[in-house]
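The lines below spell out each chain.
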Amino acid sequence: MAKLQINSESVFNFEQCLKCSVCTVYCPVSAVNPAYPGPKQAGPDGERYRLKNPVFFDENLKKCLNCKRCEVACPQGVKVGDIIQAARMKYSTHKPGLRDRILASTDFVGTMANRFAPIVNMTLAMGLTKSVMHSTIGVDKHRQFPAYSAQRFETWYKRKAKAQQEQYDKQVSYFHGCYVNYNFPKLGQDLVKIMNAVGYGVQLLDKEKCCGVAKIANGLYDQAKKHGNINIASIRKAKEEGRVTLATSSTCCFTIRDEYEHVLGLESADVRESMTLATRFLYHLLDEGKIKLAFRDDYKKRVAYHSACHMERMGWIFYSTELLKMIPGVEFTMLDSQCCGISGTYGFKRENYETSQAIGAGLFKQIKDLAPDCVSTDCETCKWQIEMSTGVPVENPISIIADALDVEATIKLNS
């Protein structure tokens, strides 16, 4: 595979680093794993040496979560996480193994699993299966897998497609992602429910592939670029037809908006602002007085919100939390800003499991002490980690809004 060529000095602005080490202070990995050199050393400091001689590359950079908390903390706006990821792409000699390819092949695995969902779910929950995967391919035996749905979201949507296109003058497109399609179609159905109630039809993109975050994390860069270009073309077509593209996953949204250009080197700048999170889109419509929402009088829930790392990097936590606070029956609590530790496929790997759980320990304790009815977050892998580690159910803000929504009253308000 050809190595990706990136001029990291100009793209990532690493010479602006002040060596203040605030990125290392905020790094969740550095706090629990001394083997990781930390973002300052792995990023700007190391890049100065790697540009002179690639022999200075350290394979321990694979311990980076790519959570972007270093970039949120950096006072100079240095793309520390991107520097580390680009170095892994350019210099790492590690070749993706069977486990990496399985974890990264979300569309293939999801398609196969949906066909035999009850059997797959039962098998993946068995202790024997977990022990075999632990000892053979290196998926940690303690990790719980998300359940697969017997019906894909795309299959459900096909029955609604004609009505979505014909019954609504205003339209949006939806990048549903692997999680909604293969694991939890209800989240996509909830978005359709909300958008229809406020007068918008929902269309799927002409072609959609996995956003590529798992492929980037597992070293399958060529596949990530190929799928990225397909997604870009589909979002560009939706834009040309006058539709903004919504996502319900913060990580999918962040990957397409930022990682495509900064990490994969894809030409996506023209569609970046055409891709946004559903809660952000809804908030702006409400704020501008273009739509109104009505909620059920009998809806009551104590909700604790977890700020997913990529949501913090985009600066969009405000939109999801403000929408939740608008629901009269929601008793809202903001959890401390902490990484949950799973980082997509990172926490599934045997060598990372202890680090993953140690990173999230403070968050798990806060949730258990608070004992809310549910935790809300915009990231599906945060959901898996929190549910497994605390036993508390986790819901996307869109699902909470949909469950609390008085549909008939909302339709009347927007007629």
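The preceding data block contains the structure.
Here is a short report on the structure shown in this document. (Residues numbered from 1 in each chain as written. Predicted model: local features only at pLDDT ≥ 70, side-chain atom pairs only at ≥ 80, totals over all residues. Heavy atoms only, no water.)

### A closer look at the pattern of salt bridges
And then number 1: Enumeration according to the criterion identifies 29 salt bridges in this entry.
And then number 2: Note that aspartate 100 and lysine 349 form a salt bridge whose closest N and O atoms lie 3.6 Å from each other. Of this pair, aspartate 100 sits in helix α6 (residues 98-104) while lysine 349 sits in the loop between β6 (330-334) and α20 (353-370); the two residues are 249 residues apart in sequence, bridging distant segments of the chain.
And then number 3: The class for lysine 349 is buried, based on a relative accessible area of 10%. (Salt bridge = Lys/Arg side-chain N within 4 Å of Asp/Glu carboxyl O. Helix = DSSP H or I, 4+ residues; strand = E, 2+ residues; numbered from the N terminus. Buried < 20%, exposed > 50% of the residue type's maximum accessible area, 1.4 Å probe, protein only.)

### Some points on the packing of helix α8 (residues 117-125) against helix α9 (residues 127-136)
And then number 1: The N-to-C vectors of α8 and α9 enclose an angle of 70°; their axes lie 5 Å apart at closest approach. One finds that α8 runs roughly perpendicular with respect to α9. Judged by residue contacts, Thr123, Leu124 and Ala125 of α8 engage Gly127, Thr129, Lys130 and Met133 from α9.
And then number 2: Taken together, the residues of the contact of α8 with α9 sort by class into 3 nonpolar, 3 polar and 1 charged. (Axes fitted to C-alpha atoms, helices over the stretch in contact; angles between N-to-C directions. Parallel < 35°, antiparallel > 145°, perpendicular 65-115°, else oblique. Contact = heavy atoms within 4.5 Å. Nonpolar A, V, L, I, M, F, W, Y, C, P; charged D, E, K, R; others polar.)

### Some points on the nonpolar core
And then number 1: Core analysis: the largest hydrophobic core is formed by 86 residues, its most contacted members being Phe153, Met195, Tyr200, Met311, Ile327 and Ile400.
And then number 2: Ranked by size, the runner-up nonpolar core spans 24 residues in total, among them Tyr36, Leu61, Ile83 and Ala87. (Core = buried A, V, L, I, M, F, W, Y, C linked by side-chain atoms within 4.5 Å.)

### Things to note about the pairing of strand β1 (residues 170-175)
In the case of a regular strand, side chains alternate between the two sheet surfaces.
And then number 1: For β1, the buried fraction is high: 5 of the 6 residues fall into the buried class.
And then number 2: Inspection of the sheet shows β1 paired to strand β2 (residues 200-204) by 5 bridges, in the parallel sense. By the bridge assignment for β2, glutamine 171 is matched with glycine 201.
And then number 3: Where β1 and strand β3 (residues 245-247) come together, 3 bridges link them in parallel fashion. Looking at the pairing, phenylalanine 175 lines up with alanine 247 of β3. (Pairing = 2+ DSSP bridges.)

### Some remarks on the packing of aromatic side chains
And then number 1: One pass over the full model with this rule turns up 13 aromatic pairs.
And then number 2: Ring plane angle 20° and centroid distance 5.9 Å describe the contact between tyrosine 179 and phenylalanine 184, whose orientation is recorded as stacked.
And then number 3: Measuring from centroid to centroid gives 5.1 Å for tyrosine 283 and phenylalanine 318, while their planes differ by 75°, and the two rings are edge-to-face. Residue tyrosine 283 is located in helix α17 (residues 278-287), and its partner phenylalanine 318 is located in helix α19 (residues 317-326); the two are separated by 35 residues in the primary sequence.
And then number 4: With relative accessibility at 13%, the residue tyrosine 283 sits in the buried group.
And then number 5: Just above the ring of phenylalanine 348 sits the side chain of arginine 143; from NZ or CZ to the centre is 5.3 Å.
And then number 6: One cation-aromatic arrangement involves lysine 383 over phenylalanine 184; the distance from NZ or CZ to the ring centre is 5.4 Å. (Phe/Tyr/Trp six-rings, centres within 6.5 Å; stacked < 30°, edge-to-face > 60°. Lys NZ or Arg CZ within 6 Å of the ring centre and 35° of its normal.)

### Some details on unusual backbone geometry
And then number 1: Although it is not a glycine, lysine 68 adopts a positive phi angle of roughly 75°.
And then number 2: Its place among the elements puts lysine 68 in the loop between α3 (39-52) and α4 (69-73).
And then number 3: Phi at alanine 371 is positive, roughly 50°, even though this residue is not glycine.
And then number 4: With respect to the helices, strands and loops of the structure, alanine 371 is situated in the loop between α20 and β7 (374-376).
And then number 5: What makes alanine 371 partly exposed here is its relative accessible area of 40%.

Distances and angles like these do not, on their own, reveal function.
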